[in-house]
Protein chains: 2
Amino acid sequence: MFTLVIYDISDDGLRLKISETCKNYGLMRIQKSAFLGRQTNSLRKELMAKLRMIMAEEGTERDNIQIFTLDSFSYNSRVIIGTFKLVEEKGVLVYV
Amino acid sequence: MFTLVIYDISDDGLRLKISETCKNYGLMRIQKSAFLGRQTNSLRKELMAKLRMIMAEEGTERDNIQIFTLDSFSYNSRVIIGTFKLVEEKGVLVYV
């Protein structure tokens, strides 16, 4: 199964913490505030627990994370409109 | 089937156009830059064609839209972390 994480986080520090956590759990950035990747169910549960913990400590009522478990059908349905490619170089987002 | 649209759009005007289009095609805003809703396959195709047209005309290399077709399993898997509720009142986003 695949995990899709999308988030609305206003604080820069908290947003960085969320994105680092997604990366540490093997997900790949697909947009500024979206991560996607294949995960075991147990790793996904761990990631969710970690994100809940971070949000309980630092989240405000304006912050929101949504997590989808995608099966192969939904994962493979992904359509991308746009010409750019977003990559990370030394931790910095670069459009190439 | 359900449609999930997530986008990275830098220009305010273009971003508004994208969100209005998603709304016009029956999707509901679930985050600042994410829409979700049940759609027939033909309506989803129409929406994609419309978004492609808008992006061809006004998109830059920094803009990016990603569209997922979610089956019931993936749709029902959605987990929300965060306490706020985002609603639209008279076209304005309000956190309640």
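Reading the values: the criteria
Residues numbered from 1 in each chain as written. Chains lettered and ligands numbered in written order. Predicted model: local features only at pLDDT ≥ 70, side-chain atom pairs only at ≥ 80, totals over all residues. Heavy atoms only, no water. Contact = heavy atoms within 4.5 Å. Buried area = accessible area lost by both parts, 1.4 Å probe. Salt bridge = Lys/Arg side-chain N within 4 Å of Asp/Glu carboxyl O. Polar contact = N/O pair within 3.5 Å; in protein donor to acceptor, adjacent residues only side chain to side chain. Helix = DSSP H or I, 4+ residues; strand = E, 2+ residues; numbered from the N terminus. Nonpolar A, V, L, I, M, F, W, Y, C, P; charged D, E, K, R; others polar. Pairing = 2+ DSSP bridges. Buried < 20%, exposed > 50% of the residue type's maximum accessible area, 1.4 Å probe, protein only. Axes fitted to C-alpha atoms, helices over the stretch in contact; angles between N-to-C directions.

1. Some remarks on the interface of chain A and chain B
Right, on to step 1. Across the contact, 37 residues belong to chain A and 37 residues belong to chain B.
Right, on to step 2. For the pairing of chain A and chain B, the buried interface totals around 3500 Å² over both sides, and the portion due to carbon and sulfur atoms is 57%.
Right, on to step 3. The largest per-residue losses of area from chain A upon contact with chain B belong to Gln31(A), Phe68(A) and Ile81(A), which jointly make up 20% of the total buried on that side.
Right, on to step 4. Between chain A and chain B we count zero salt bridges in total.
Right, on to step 5. Linking chain A to chain B there are 21 residue pairs in polar contact (both at pLDDT 80 or more).
Right, on to step 6. At the level of secondary structure, the elements contributing two or more residues to the side of chain A that touches chain B comprise strand 1 (2-8), strand 2 (28-31), strand 3 (34-38), helix 2 (41-58), strand 4 (64-70), helix 3 (72-76) and strand 5 (79-81) of chain A.
Right, on to step 7. At seven residues, the largest contribution of residues to the side of chain A that touches chain B is made by strand 4 of chain A.
Right, on to step 8. Per-class residue counts for the side of chain A that touches chain B are 20 nonpolar, nine polar and eight charged.
Right, on to step 9. As paired elements, strand 5 of chain A and strand 4 (residues 64-70) of chain B share three bridges and run antiparallel to each other. Note that in strand 4 of chain B the partner of Val79(A) across the bridge is Ile67(B).

2. Digging into the pairing of strand 4 of chain A
Residues and elements named next belong to chain A.
Right, on to step 1. Within strand 4, seven of the seven residues are buried, which leaves the element mostly enclosed by the surrounding structure.
Right, on to step 2. In strand 4, alternate side chains face the same way, and those of Asn64, Gln66, Phe68 and Leu70 on one face and Ile65, Ile67 and Thr69 on the other are all buried.
Right, on to step 3. Bridging between strand 1 and strand 4 involves seven bridges; their strand directions are antiparallel. Residue pairing across strands places Tyr7 opposite Ile65, the latter belonging to strand 4.

3. Topic: the sheet that holds strand 3 of chain A
Right, on to step 1. Judged by pairing direction, the sheet is antiparallel, and its five strands sit side by side in the order 2(A)-3(A)-1(A)-4(A)-5(B) without closing on themselves. One side of each edge strand has no neighbouring strand; the edge strands of this open sheet are strand 2 of chain A together with strand 5 (79-81) of chain B. Put simply, the sheet's adjacent strands are angled 25° from each other on average, direction ignored.
Right, on to step 2. Note that strand 1 of chain A and strand 3 of chain A share five bridges and pair antiparallel. The residue of strand 3 of chain A that forms the bridge with Thr3(A) is Gly37(A).

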